[in-house]
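Topology and contacts: notes
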Amino acid sequence: MVDDILDTGDLDDLLSEEAINSPFTFYRRLRERNPVYWNKRWNGWIVTGYDEVTAGYRDAQRLSSDRFSGPFGAEVREAGENTRLLDFLSKLFVWKDPPYHTRMRSLVFKAFTPRSVEILRERARELVRDLAEPLRGKERVNFLTDFAFHLPVIVIAEYLGVPSDQRYEVRDWSDDLAAVIFVRGDDKQRMQRAEASLARAREFLTPVLADRRQNPRQDLISALLFAEEDGRRLTEEEVIANVILMVFAGHETTMNLMSNGIAAFDKFPDQWQLLRQDHSLLRSATEECLRFDGPIRGLGRWAKEDFELGGQQIKRMDRVFLIQHAANRDPAAFENPDALDITRWPNKHAAFGQGIHTCLGAPLARLEMQEALAYLTTQFERIEVVQDKLEYGPTMVSRSLKGLDVKFHEA
Ligand code: HEM
C-alpha cells in the first residue's frame with residue numbers, strides 16, 4: 001500500500017505538503033531519481049537508499065555529527081550569542097564526535113544499561129493500564145495527547161528519580177532547549193525561553209544532585225553521578241546535560257512510535273488481529289512499527305573530507321541528510337516494504353540509527369511499545385482512527401502527528 005499522491009511535487013522542497021504528509025511516495029521518487037541526490041534548496045545531499053543511509057550512519061570518520069562546527073555550527077551561532085547556553089548545549093554528546101562522544105557515551109552507558117532498563121517493565125505495564133483505563137468507553141479520544149504523550153514522560157521521570165509533581169516541568173525544559181538547536185533563525189523568544197529553562201533546570205537539579213551524592217538511590221541520576229571510567233566521573237554540568245538529553249531524545253520519539261504505530265495498525269487491521277491472537281509477536285511487531293513509520297524521518301551530518309557515497313562525490317563541508325524513513329521502505333532491503341507485516345524477522349530497520357551514535361534508549365522505547373501493544377491488543381478488538389485526515393508537524397526530523405483521534409472498540 002502506498003500513499004496516493006500524484007507524481008507532480010517539487011523534489012527539492014523537503015517541507016512540502018507531500019514530503020510532510022505523504023513522505024513515502026516522496027522518498028520513493030527521490031530514491032528512484034538518485035539514492036544520493038543533490039538538493040539545491042537545502043543545499044546538501046539527500047540520501048534515501050538503504051545501503052547509502054546505513055553506510056552514512058556508520059561512517060563517523062568522514063561524516064560529522066558536530067552541530068557546533070562545520071556548516072551547522074555557523075547556523076547555531078547565528079541563532080544566538082549566548083555562549084553559556086551554547087556551551088551547555090555542546091555537552092549533549094549526540095551532537096558531538098569522538099573523542100568527546102566516546103568518553104561521554106561510555107560513561108552514560110554504564111548508568112543506562114539494557115539490564116537496568118528491563119527493571120522498569122513491571123512499572124511500565126502498570127502505567128499503560130492506568131493510562132488506558134480512563135479512555136475506555138469514550139466515543140473519541142486523542143490517543144496522542146491522552147495516552148502516548150504521558151507514558152514516556154512518567155517512565156523516564158521515575159527512572160531518573162524526579163518527583164512526580166515535577167515530571168512535566170522537566171519535559172518542558174528539555175523541549176525549550178531542543179527548540180533552539182532544531183530551528184534556525186532569530187526567534188529571540190526561543191533563546192530567552194531556552195535560557196530561562198536552563199536556569200530552572202539548574203536550580204531544580206543542583207540540590208537533587210547534592211542529595212543523591214550523599215544518599216544514592218536506585219535511580220538514573222544516582223547512576224550518572226557515580227558512573228566512573230579511568231577514574232573519571234561526569235561533572236555536575238554534564239549530569240544535568242545528560243538528564244535533559246534523555247528526556248529530549250526519548251520523549252517525543254517514544255510518543256510518536258506509539259501514535260504512528262496505532263495509525264499503521266488502523267490501515268492494516270488484520271495485523272492487529274494477528275497480534276491479538278499471538279503475543280509472541282510483540283517483539284517483531286514493535287520492530288515493524290519502527291520500520292514502517294518510525295518517529296524520526298532523518299538526521300543531518302556534514303562531510304569532514306571529500307569522499308564518494310552511492311556514486312556521488314561528496315565534498316568537504318557538504319551537508320548530508322540521511323533519511324531513515326526512506327531506507328526503511330527501500331525495496332532493495334525489504335520485501336514488500338509498504339506493507340505492515342508484524343511477522344517480518346529479522347528486521348534490520350534503521351529507525352534507531354546505526355554506528356557509534358545508535359540510540360542508547362532503544363531498549364526503553366522498545367519496552368514501552370511492547371507493553372502498550374500487549375495491553376491494548378488484549379483489551380481492545382480494534383482501535384479505530386476516527387479522523388478524516390492525518391496531519392503531521394512540518395519538520396524535517398520528526399514524524400510527529402498533530403493529533404490522533406481514535407475510538408477504542410471493546411474486545
Ligand atoms: C522510538 C523511540 C526512539 C527513536 C526512534 C530514537 C532514535 C534515535 C536515533 C536515530 C539516534 C541516533 C542519533 C544520531 O545518529 O545522530 C538516537 C540517539 C540517542 N537516543 Fe534515541 N530514540 C528513541 C528513544 C530514546 C529514548 C527512550 C532515550 C532515552 C531515554 C533515547 C536516548 C538517546 C540518546 C542518549 C542518544 C544519543 C546516542 C549517541 O549519540 O551516542 N532515545 N536515538
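Owing to the predicted nature of the structure, the values given are computational and were not obtained by experimental measurement.

Definitions and cut-offs
Here the residue numbering is sequential within each chain, running from 1 through the sequence in written order. Only residues with pLDDT of 70 or above have their local features reported here, since the model is predicted, and side-chain atom pairs are shown and tallied only from 80 upward, although totals for entire chains, interfaces and linings are computed over all residues. With hydrogens and water stripped out, all remaining heavy atoms of the structure feed into the side-chain values. In these notes, residues near a molecule or strand are those with any non-hydrogen atom within 4 Å of it. Two N or O atoms count as a polar contact when they lie within 3.5 Å, although within protein this holds only if one can serve as hydrogen donor and the other as acceptor, and sequence-adjacent residues are included solely when both atoms are side-chain atoms. What counts as a helix is a DSSP run of H or I of at least four residues, what counts as a strand is a run of E of at least two, and both are numbered from the N terminus. Ten residue types, Ala, Val, Leu, Ile, Met, Phe, Trp, Tyr, Cys and Pro, are classed as nonpolar, four, Asp, Glu, Lys and Arg, as charged, and the remainder, Gly among them, as polar. Both site types are read off a 1 Å grid over the protein atoms alone. A 1.4 Å probe that fits but cannot get out defines a cavity, while an open set with protein on both sides within 12 Å along at least five of seven lines defines a pocket; lining residues have an atom within 4 Å of a point. Grid points are joined across faces, edges and corners, and a volume is the space filled by probe spheres set on the points. Coordinating donors are taken to be N, O and S atoms lying within 2.8 Å of the metal, or within 3.2 Å when the metal is Na, K or Ca; because water is excluded from the atom set, some sites may appear incomplete. Strand pairing is assigned whenever DSSP identifies at least 2 bridges connecting the two strands. Here's how the labels work: a residue is buried when its accessible area is under 20% of the maximum for its type, exposed when over 50%, partly exposed in between, all with a 1.4 Å probe on protein chains only. Note that the arc is computed from the directions linking the helix axis to the C-beta atoms. To form a nonpolar core, buried Ala, Val, Leu, Ile, Met, Phe, Trp, Tyr and Cys residues must be joined to one another through side-chain atoms within 4.5 Å. Should any heavy atoms of two residues lie within 4.5 Å, those residues are considered in contact.

**Describing the site of the ligand**
By nearness alone, 30 residues border the ligand, and His101, Arg105, Arg301, His357 and Cys359 come closest of all. Take His357: an N or O atom from its side chain is 2.6 Å from an oxygen atom of the ligand. Listing elements by their share of the shell around the ligand, those giving two or more residues are α6 (100–111), α14 (236–267), β7 (299–303) and α18 (362–379). Of the residues that constitute the shell around the ligand, the class distribution is 20 nonpolar, eight polar and two charged.

**Overview of empty space enclosed by the protein**
One water molecule sets the probe size; rolling that probe over the atoms shows where empty space is left. Inspection of every chain in the model, using the stated rule, returns four cavities of 30 Å³ or more. Lining the largest cavity, in full, are Leu14, Ala19, Ile20, Phe26, Tyr27, Arg297, Phe321, Ile323, Thr395 and Met396. Of the residues belonging to the lining of the largest cavity, the class tally is eight nonpolar, one polar and one charged. Taken as a whole, the second largest cavity holds about 40 Å³ of empty space. Ranked by the residues each element gives to the lining of the second largest cavity, the list is headed by α14, at three residues. When grouped by side-chain class, the residues that make up the lining of the second largest cavity number five nonpolar, no polar and two charged.

**Here's the deal with the coordination of the iron atom of the ligand**
When only protein atoms are considered, the iron atom of the ligand has one donor, Cys359 (SG), at a distance of 2.3 Å. Summarising the element assignment, Cys359 is placed in the loop between α17 (324–327) and α18.

**Thoughts on the sheet that holds strand β10 (residues 319–322)**
If you trace the five strands from one edge of the open sheet to the other, you get β1-β2-β10-β7-β3, paired in mixed fashion. With one partner strand each, in any of the chains shown, β1 (36–39) and β3 (63–64) form the two edges of the open sheet.

**Some words on helix α15 (residues 269–277)**
Along α15, the residues that are buried comprise Gln271, Trp272 and Leu275. All buried residues of α15 fall inside an arc of 105° around its axis, so they share one side.

**A short note on the nonpolar core**
Counting 106 residues, the largest nonpolar core has Phe112, Phe143, Phe147, Leu376, Leu404, Val406 and Phe408 as its most contacted members. When residues no more than four places from it in sequence are discounted, the contact partners of Phe147 are Val128, Leu131, Ala132, Leu135, Asn142, Met258 and Ala372. Counting 16 residues, the second largest nonpolar core, distinct from the first, contains Val36, Phe307, Val320 and Ala327.

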